[in-house]
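As a plain string of letters, each chain reads:
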Amino acid sequence: MSPLHRAIHAKAGELAPALAAFALLLCLFGGYFMLRPVRETMGIAGGVENLQWLFSATFVAMLLAVPAYGWLNARVPRRVFLDWVYLFFAANLLGFAWLLWRIPDPLWAARAFYVWLSVYNLFVVSLAWSLLADVFDRRQSKRLFPSIAAGASLGGLLGPLLGGLLVGALGTAGLLALAALLLLPTLPLRRYLMAWRGKGGAGRPGMESDSPERPVPGNPFAGISLVFGSPYLLGICAFVLLLSCTSTFLYFEQARLVAALFPDSQQQIRIFALIDFAVQALSLASQLFIAGRVAQRFGVGALLGVVPLLVALGFLALALMPQFAVLAAVMVVRRVGEYAFVRPGREMLFVPLDAQQKYRAKNFIDTVVYRGGDAVSAWLKALLDGIGLGAALVALVGAGVALAWSALGWRLGRRHEHSATAQEVEP
């Protein structure tokens, strides 16, 4: 075994597919994080007091997009479904690039792009992880997913750097076109991963009913019925809702403080890019050297339960010292924890499930449930601010939500380990 095999906990025959999965996430997140500071600045341009409307518009867009996604999923073979979706989003990016090139900085276009990029991010990321949960089996996911997720962090590290270096020469429209081009390498990577899966590389039985040559069965709304028919999936829904609630509370506080302390849009872009850089650098180190060892030694429950505890402590610190430096530290801890520990752990929960649950139920949870949680949390935050509870009391509410999030994460991790072990023993 080479040092690289040992570093990412890969066994014989697994290094190349693990690196292909790493590269796929690198391309996706490099393009997205190149545009993320632009999105945040566009959100502030419309007024921090209006952010809850953008969150609600994103949720409505998700409600419209999910049935279309389900309809296509039922008609296009799973093997090439990712290609169709990614080419569609690449065309959208090119359309926005043309629009911003012809009509620079219109407010309505800024709001539309904010909503669209939020939809784009969840769909392309959810589908990428659906593919990886389809390709790798449970034991492989536990060993490899934390290292594979480092591709997302490296992309998040390089994306803002590329954006900062190239925005002067290419402009915002040029960055959008470049992000569209970064989607194209994911297509041959997807093809390689599915070919490796088809050869039995993931140790999966070659069941015809589970063949990626077939579309995923079910109607466009099958994801909803699958979720409400499974206590396990409902538990994942609740976990995602609590995650999005804590994230939204911190996001609104960040937007409020940045708008107050840094009125210039260029300063705002630099602050957001600096936070993104710190988050991705720490996430990359954690994914490569810590998360995989935690998953193998303590299980999925540790990945899902420890970070919310740290976030709860961060909210308590904010209640005592509601300052930007404290908020920035809590934001970094939450996002590093989500990228390095929570996200790989959450994706492991789907690995033992069937294709319908991986592609339909998972997509419904990652898009509609996640953005629904964002929208409800945004209005709840606006309500708490409106009745004048103050930042300290809002932070205490956030701490309570984070504690509930932690308890549910531990429970889901134990349930996953128990059910997966039972499936492996049953044959």
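Worth saying up front: this structure is predicted, and the values here are computed from it rather than measured. Each chain has its residues counted from 1, following the order in which its sequence is written. Where local features are concerned, this predicted model is filtered to residues with pLDDT of at least 70; where side-chain atom pairs are given and counted, the filter is 80 or more; whole-chain, interface and lining totals use all residues. No hydrogens and no water enter the side-chain calculation; it runs on all heavy atoms of the structure.

Asks: I tried to follow empty space enclosed by the protein on my own but got confused; where do I start?
Replies: Any space left empty among the atoms is revealed by the rolling of a water-sized probe across them. Both cavities and pockets are sets of points on a 1 Å grid over the protein atoms alone; in a cavity a 1.4 Å probe fits but cannot get out, in a pocket the set is open with protein on both sides within 12 Å along at least five of seven lines, and lining residues sit with an atom within 4 Å of a point. Grid points are joined across faces, edges and corners, and a volume is the space filled by probe spheres set on the points. Tallied over the full model, the rule gives four cavities of 30 Å³ or more. Each pocket or cavity is described by its volume, and for the largest cavity that value is around 620 Å³. Those elements that place two or more of their residues in the lining of the largest cavity are helix H2 (15-45), helix H3 (51-73), helix H5 (107-135), helix H6 (138-182), helix H9 (231-261), helix H12 (324-348) and helix H13 (355-386). For the lining of the largest cavity, the per-class residue count stands at 14 nonpolar, eight polar and ten charged. By the criteria applied, helices consist of DSSP H or I runs no shorter than four residues and strands consist of E runs no shorter than two, each listed in order from the N terminus. Following the grouping adopted for this structure description, the nonpolar residues are Ala, Val, Leu, Ile, Met, Phe, Trp, Tyr, Cys and Pro, the charged ones are Asp, Glu, Lys and Arg, and the polar ones are all others, Gly among them.

Asks: It is not clear to me how the packing of aromatic side chains should be interpreted in this structure. Could you clarify?
Replies: Two aromatic rings, taken as a pair, are described by how far apart their centres are and by the angle between their planes. Aromatic contacts are taken between Phe, Tyr and Trp rings whose centres are within 6.5 Å, Trp giving its six-membered ring; a plane angle under 30 degrees counts as stacked, one over 60 as edge-to-face, and the others as tilted. One pass over the structure, following the stated rule, counts 16 aromatic pairs. Charge over a ring is defined by NZ of Lys or CZ of Arg lying within 6 Å of the ring centre and within 35 degrees of the ring normal. The ring of Phe 350 is capped by Lys 362, whose NZ or CZ atom sits 5.4 Å from the centre of that ring.

Asks: When you look at the pattern of salt bridges in this model, what are you seeing that I'm missing?
Replies: Side chains that carry opposite charge are capable of pairing whenever their charged atoms lie near each other. The salt bridge definition used is simple: a Lys or Arg side-chain nitrogen within 4 Å of an Asp or Glu carboxyl oxygen. Using the criterion set out here, one finds ten salt bridges in the structure. The shortest N-O distance in the salt bridge between Asp 134 and Arg 197 comes to 3.2 Å. Pair noted here: Asp 134 is in helix H5 and Arg 197 is in helix H7 (residues 186-198), with a separation of 63 residues, a long-range link. The same class applies to Asp 134 as to Arg 197, namely buried. In this structure, Asp 366 and Arg 346 form a salt bridge, with 3.1 Å as the shortest nitrogen-oxygen distance. Taken as a pair, Asp 366 in helix H13 and Arg 346 in helix H12 lie far apart in primary sequence, 20 residues in all. Exposed residues in this analysis have more than 50% of their type's maximum accessible area, buried residues have under 20%, and partly exposed residues fall in between, with area computed by a 1.4 Å probe over protein chains only. Judged by its relative accessible area of 2%, Asp 366 is buried. Through salt bridges that share partners, Arg 343, Arg 346, Glu 347, Lys 362 and Asp 366 make up one connected network.

Asks: Teacher, can you tell me more about H9 here?
Replies: The periodicity of an α-helix, 3.6 residues per turn, causes residues three or four places apart in sequence to face the same way. Relative to the 45 Å expected for 31 residues at 1.5 Å per residue, H9 spans 45 Å between its end C-alpha atoms, a close match to the ideal helical length. For H9, the buried fraction is high: 22 of the 31 residues fall into the buried class. Expected span of a helix, by definition, is 1.5 Å for each gap between consecutive residues, and there is one gap fewer than residues.

Asks: When you look at the confidence of the model for the chain in this model, what are you seeing that I'm missing?
Replies: Close inspection of predicted coordinates is inappropriate in any region flagged by low pLDDT. Per-residue pLDDT for the chain averages 81, and the proportion of residues at 70 or more is 88%. Contacts from residues 422-427, a stretch scored under 50 in pLDDT, to residues over four places away or in other chains number three contacts. Values of pLDDT, which run from 0 to 100, indicate the predictor's confidence residue by residue. What makes two residues a contact is simply this: any of their non-hydrogen atoms within 4.5 Å.

Asks: Help me understand the packing of H6 against H12 in this model?
Replies: A packed helix pair is summarised by two numbers, namely the angle formed by the two axes and the spacing between the axes. Every axis in this analysis is a line fitted to C-alpha atoms, fitted for helices over the stretch in contact. Angles between the N-to-C directions lie between 0 and 180 degrees. For the pair H6 and H12, interaxial distance at closest approach is 9 Å and the crossing angle is 130°. In terms of orientation, H6 lies oblique with respect to H12. Viewed along their axes, H6 and H12 form a crossing whose handedness is right-handed. Of the residues in H12, those in contact with Ser 141, Lys 142, Phe 145, Pro 146, Ala 149 and Ser 153 of H6 are Tyr 339, Pro 344, Glu 347 and Met 348. When the residues that make up the contact of H6 with H12 are grouped by side-chain class, the tally is six nonpolar, two polar and two charged. By definition in this entry, angles of less than 35 degrees are roughly parallel, angles greater than 145 are roughly antiparallel, angles of 65 to 115 are roughly perpendicular, and the rest are oblique. In this scheme the handedness of a crossing depends on how the near helix is turned from the far one: anticlockwise by less than a right angle means left-handed, clockwise means right-handed.

Asks: Help me understand the side chain of Ser 126, please; the structure alone is not making it clear to me.
Replies: Position of Ser 126 among the secondary structure elements: in helix H5. A relative accessible area of 1% places Ser 126 in the buried class. N or O atoms within 3.5 Å of each other form a polar contact, as long as, within protein, one can give a hydrogen and the other can take it, and as long as residues adjacent in sequence are counted only when both atoms are side-chain atoms. One polar contact links Ser 126 to Asp 366, side chain to side chain, over a distance of 2.9 Å.

Asks: Whenever I open this one, the nonpolar core confuses me. Can you help?
Replies: It is characteristic of soluble globular proteins that their nonpolar side chains tend to be buried jointly. Counting 130 residues, the largest nonpolar core has Tyr 86 and Phe 136 as the members making the most contacts within it. By residue number, the principal contributor to this core is H5, which donates 16 residues. Core analysis: the second largest hydrophobic core is formed by seven residues, Leu 54, Phe 55, Tyr 114 and Tyr 251 among them. Side-chain atoms within 4.5 Å are what join buried Ala, Val, Leu, Ile, Met, Phe, Trp, Tyr and Cys residues into a set we call a nonpolar core.

Asks: Could you clarify how one ought to interpret the packing of H9 against helix H11 (residues 300-320) in this entry?
Replies: Where H9 meets H11, the axes come as close as 12 Å, and the angle between the chain directions of the two elements is 30°. Considering their axes alone, H9 and H11 lie roughly parallel with respect to each other. Relative to H11, H9 is oriented so that their crossing is left-handed. Of H11, the residues touching H9 (which contributes Phe 239, Thr 246, Phe 249 and Leu 250) are Leu 304, Phe 315 and Leu 318. Of the residues in the contact of H9 with H11, the class split is six nonpolar, one polar and no charged.

Asks: When you look at the environment of Leu 132 in this model, what are you seeing that I'm missing?
Replies: Summarising the element assignment, Leu 132 is placed in helix H5. Residue Leu 132 is classed as buried on the basis of its relative accessible area, which comes to 0%. Along the primary structure Leu 132 and Glu 347 are separated by 215 residues, whereas in three dimensions their C-alpha atoms are 8.8 Å apart. In this view, Leu 132 contacts Ala 21, Leu 25, Phe 145, Ile 148 and Leu 193; residues no more than four positions away in its chain are not counted.

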